[in-house]
Amino acid sequence: MRRTIFLGPPGAGKGTQAKLLADFCQIPHIATGDLLRAAVANQTKLGKRAQEYMERGDLVPDNLLLGMVAHRLEEPDAANGWVLDGFPRNVVQAEFLEELLGQINQPSDWVIDLEVPDETVIARTLKRGRADDNEVTIRHRLEVYREQTAPLIEYYSQRNHLVSINGDRPVEEVAAALKQAIIT
Ligand code: ADP
């Protein structure tokens, strides 16, 4: 349970559950969306380049993102474990991550697939009201998820401990199911 990857569509509740789990285990919650939004807010070189992709609901190009993730995973606080949220989001990122974790001898322990139907995703994200949370962008993010990220479920089911959790329930119920599945 020390190194957990969260998969699932936008608005599945990955952020909420990943944060609860990270706090419970006292390890960092590493969310690429949060890192990217901070870069945009600070108008760093990376942030300026990532912004247009995020506003459209497209994935930020791998070449902008991979170094940022590697850097974060190599910080001292990540040595005891982490909960990764929003990364990997395509096969190139998954292969990069596997290679990186192999090099630093920290393979992931679990991959959680948080399953939520499209209608719930749309309702939840519209309520959230983030800058990229309008219905057109959300539908586009769902398409991007289906095309690029969903294949990772198959990818990880062949490699890691993949655990599917029904995310279409109240926060506490999902959290309880998650703990039961991975904390023994
Ligand atoms: P959500 O999961 O609700 O869509 P995130 O905060 O995870 O929200 O992501 C917001 C946006 O940040 C994405 O739509 C995408 O543009 C960008 N992003 C986050 N993680 C990645 C990633 N691993 N690869 C490419 N782009 C990413």
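Our structure's up above, just so we're on the same page.
So, a few notes on the structure that sits alongside this text.

Definitions and cut-offs
- Along each chain, numbering runs from 1 in the same order as the chain's sequence is written.
- Under the rules for a predicted model, residues below a pLDDT of 70 receive no local features and side-chain atom pairs below 80 are neither given nor counted, while totals for whole chains, interfaces and linings still include all residues.
- Computation of side-chain values: all heavy atoms of the structure, hydrogens and water removed.
- Remark: nonpolar core denotes a set of buried residues (Ala, Val, Leu, Ile, Met, Phe, Trp, Tyr, Cys) joined through side-chain atoms within 4.5 Å.
- For the exposure calls, accessible area comes from a 1.4 Å probe over protein chains only, and a residue counts as buried if that area is under 20% of its type's maximum, exposed if over 50%, partly exposed in between.
- Comment: elements are numbered from the N terminus, with helices defined as DSSP H or I runs of at least four residues and strands as E runs of at least two.
- In what follows, a contact means two residues having at least one pair of non-hydrogen atoms within 4.5 Å.
- Note on pairing: two strands pair once DSSP finds at least 2 bridges between them.
- With axes taken as lines fitted to C-alpha atoms, and helix axes fitted only over the stretch in contact, angles between N-to-C directions fall between 0 and 180 degrees.
- The cutoff for a nearby residue is simple: one of its non-hydrogen atoms must lie within 4 Å of the molecule or strand.
- Think of a polar contact as two N or O atoms within 3.5 Å of one another; within protein, one of them needs to be a possible hydrogen donor and the other a possible acceptor, and neighboring residues in sequence only count if both atoms come from side chains.
- Areas reported here follow the Shrake-Rupley algorithm with a probe of radius 1.4 Å; residue values treat only the protein chains shown as occluding.
- When residues are sorted by character, Ala, Val, Leu, Ile, Met, Phe, Trp, Tyr, Cys and Pro go into the nonpolar class, Asp, Glu, Lys and Arg into the charged class, and all the rest, Gly among them, into the polar class.

## A closer look at the nonpolar core
Thought 1: Core analysis: the largest hydrophobic core is formed by 27 residues, its most contacted members being Leu73, Trp82, Leu97 and Tyr156.
Thought 2: If you list the elements that add at least two residues to this core, you get strand S1 (3–7), helix H2 (32–41), helix H3 (45–56), helix H4 (62–73), strand S3 (82–85), helix H5 (91–103) and helix H8 (151–157).
Thought 3: If you tally residues by element for this core, the top one is H4, at seven residues.
Thought 4: Not counting the four nearest positions on each side in its chain, Leu97 is found in contact with Ile5, Leu73, Leu84, Phe87, Pro88 and Tyr156.
Thought 5: Membership of the second largest hydrophobic core comes to 22 residues, among which are Ala22, Leu114, Val116 and Ala177.

## Points about unusual backbone geometry
Thought 1: Geometrically, the link from Phe87 to Pro88 is a cis peptide bond, its omega value of 0 degrees lying close to zero.
Thought 2: Positionally, Pro88 belongs in the loop between S3 and H5.
Thought 3: Phi at Gln26 takes a positive value of approximately 55 degrees, unusual for a residue other than glycine.
Thought 4: Take Gln26: it is sitting in the loop between helix H1 (14–25) and strand S2 (29–31).
Thought 5: For Gln43, which is not glycine, the phi torsion reads 50 degrees and is therefore positive.
Thought 6: Among the secondary structure elements, Gln43 is positioned in the loop between H2 and H3.

## What about the sheet that holds S2?
Thought 1: Ordered by their spatial adjacency, five strands build an open sheet running S2-S3-S1-S4-S5, and the pairing between neighbours is parallel. Looking at the sheet topology across the chains shown, the edges are occupied by S2 and strand S5 (162–166). For this sheet, the mean angle separating the axes of adjacent strands, direction not counted, is 20 degrees.
Thought 2: With five bridges joining them, strand S4 (residues 110–115) and S5 adopt parallel strand pairing. Bridge pairing in S5 places Val111 opposite Leu162.
Thought 3: Contacts between helix H9 (residues 171–182) and the sheet are confined to S1, S4 and S5, with S5 contributing the most and set at about 155 degrees to the helix.

## Description of the site of the ligand
Thought 1: In the neighbourhood of the ligand, 20 residues make up the surrounding shell, with Thr32, Arg37, Asp58, Gly86 and Gln93 lying closest.
Thought 2: One of the side-chain N or O atoms of Arg128 is found 3.0 Å from an oxygen atom in the ligand.
Thought 3: Arg130 places a side-chain nitrogen or oxygen 3.2 Å from an oxygen atom of the ligand.
Thought 4: Surface burial for the ligand is 96%, taken as the share of its 550 Å² of free accessible area covered by protein chains.
Thought 5: Per-element tally for the shell around the ligand: the top contributor is H2, with four residues.
Thought 6: Counted by class, the shell around the ligand contains seven nonpolar, five polar and eight charged residues.

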